[in-house]
Amino acid sequence: MQLHPLFIEQIERLMPGESEAMLRALGDTLPSVSVRVNDSRGASVPAGAVTVPWCPAGFYCDERPQFTFDPLWHAGMYYVQDASSMFLHHVVRSLVNTPVRYLDLCAAPGGKTTAALQALPAGSFVVANEIVVSRARVLADNVQRWGNPACAVTCCAPSQLGQLTHTFDVIAADVPCSGEGMFRKDDEAVKQWTPALIEQCAQRQRDIIASVWNALRPGGLLIYSTCTFNDQENERMIEHIAAELGAEPVAVDIDPSWPIHAGIGTDLPCYRFLPHLTRGEGLFMAVLRKHSGEPPRPAKAKRQRTPARTDAPRDIKQWLNNEKDFTITISADTVTALPRAHAQLVEMLESCNLMQAGIVMGNIKGKNCVPSHALALSTALRREAFATAQLDYQQAIAYLRGEAITVDAPRGYVTVTYQGSVLGFVNNLGNRANNLYPKPLRILSTHSPAEPPRLG
């Protein structure tokens, strides 16, 4: 790795006593691999695995397995996430004790969104936003795979969300940055680095936070993070937000044994993850509380031009656990279940290019409803509503490729499972089963491993 001479000078200026170890770690050590299990599905850390200190659901892998060929990954049993980024789990658990409206502002590909869904108190609702359409689709897929119905995905500029006055109790902004913390994983980030890029990113960060600030209620929390090392995008940005927008930095209790570096050049509570100290990539995180001021003035819900249909097939609610917690709507023959407590918020999001919300239950065809893949992966699915067919490893890989399979099950819509985890639906016709696994999610590789990858 050929680092820019000015980047080296920057590190020597910021960390004069640690720069040698820091630069050596960037150049001589490989990135670690870590996984966060989805405990809402009953997943747990494998016996003997080394856990991530600040996230009990996270653990390190000895090497990088071929996750593509693990049916349990496709079933949403875990998310591959850098250990440093899992610190969000600890921050949310430490500071949020009651149900909240939570906005993940720059959310793709979805690691911090799923971490928030896992850490937030029951009854919370997460809005995950991504401005780039292609990345928003990836975000939507990962949210769907995680399975928590208390989430919506939007694709809009921060300024559009900023029009939702005092709507969110927490806003997490993992802002676009110069990416110095990703140097070990991304050669392109090394090549593109310049001091001018830092200034460009810092200005963009100031604009992003300012444009969405109105959406945070007085007394609400901003969780600010980057994956870079310089202080201009980190400590100086926290000082700017506090002074210009009106906020108080908030301390997070951490275990003294955790190898987390304090902020540089400031007494404000900031948390740095550095590769010579932490088994993970570069990360900066800080929390600010918006000053209390005028009473919250929630934005008004946008009126729907056409009232949502409610004439869903009679038995469709029986597909859900806790069916009374959901409102069923129909739009263009697509049936959706929204968490009843947050239906008004979802309606407000129509002005923010809403891509998905709650659970897409299925599509009406005649008098029937074809169940969707989102329903199959949802933690709200009532498993007893459908017959089940268990697949072995090779059958599961064939299903995930979209190949035809046969199942030992009654005719009709059947959930197919691997090691007890739902992969999706088939329509069993008796002599064969129509594979309903979505084409965009299918495994394209023709490689056929003999056995699943080993984690831990």
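See the structure printed just above.
Structure report, in brief. (Residues numbered from 1 in each chain as written. Predicted model: local features only at pLDDT ≥ 70, side-chain atom pairs only at ≥ 80, totals over all residues. Heavy atoms only, no water.)

### Looking at the packing of aromatic side chains
For step 1, the next point in the chain: Per the counting criterion, the structure on display carries 12 aromatic pairs.
For step 2, the next point in the chain: Ring plane angle 70° and centroid distance 5.2 Å describe the contact between W54 and F273, whose orientation is recorded as edge-to-face. With W54 in the loop between β2 (51–52) and β3 (55–61) and F273 in strand β12 (residues 271–273), this pair connects stretches of sequence that are 219 residues apart.
For step 3, the next point in the chain: Residues Y224 and F284 carry aromatic rings whose centres are separated by 6.5 Å and whose planes lie at 75° to one another, so their mutual orientation is edge-to-face. Taken together, the positions of Y224 in strand β9 (residues 216–226) and F284 in strand β13 (residues 283–290) put the pair 60 residues apart, joining distant regions of the chain. (Phe/Tyr/Trp six-rings, centres within 6.5 Å; stacked < 30°, edge-to-face > 60°. Helix = DSSP H or I, 4+ residues; strand = E, 2+ residues; numbered from the N terminus.)

### Comments concerning helix α5 (residues 111–119)
For step 1, the next point in the chain: Counted residue by residue, α5 has 9 buried out of 9 residues, so it is predominantly covered.
For step 2, the next point in the chain: Restricting attention to buried positions, one finds in α5 the residues G111, K112, T113, T114, A115, A116, L117, Q118 and A119. (Buried < 20%, exposed > 50% of the residue type's maximum accessible area, 1.4 Å probe, protein only.)

### Observations regarding the pattern of salt bridges
For step 1, the next point in the chain: Under the definition given, this model contains 11 salt bridges.
For step 2, the next point in the chain: Put simply, D231 and R13 hold a salt bridge, and the shortest N to O gap is 3.8 Å. Note that D231 is positioned in the loop between β9 and α10 (235–246) and R13 in helix α1 (residues 5–14), a separation of 218 residues in sequence.
For step 3, the next point in the chain: By relative accessible area, D231 is classed as buried at 13%.
For step 4, the next point in the chain: Between R454 and D62 there is a salt bridge, with the nearest N and O atoms lying 3.9 Å from each other. You can see R454 sitting in the segment after β22 (433–435) and its partner D62 sitting in the loop between β3 and α3 (71–74), a full 392 residues away along the chain. (Salt bridge = Lys/Arg side-chain N within 4 Å of Asp/Glu carboxyl O.)

### Points about α1
For step 1, the next point in the chain: For α1, the complete set of buried residues consists of F7, Q10, I11 and L14. Buried residues of α1 fall within an arc of 95° about the axis and therefore sit on the same side. Away from its buried face by more than 90 degrees, α1 exposes P5 and R13.
For step 2, the next point in the chain: Against α2 (19–28) and α9 (195–212) lie the buried residues of α1. (Arc of directions from axis to C-beta. Contact = heavy atoms within 4.5 Å.)

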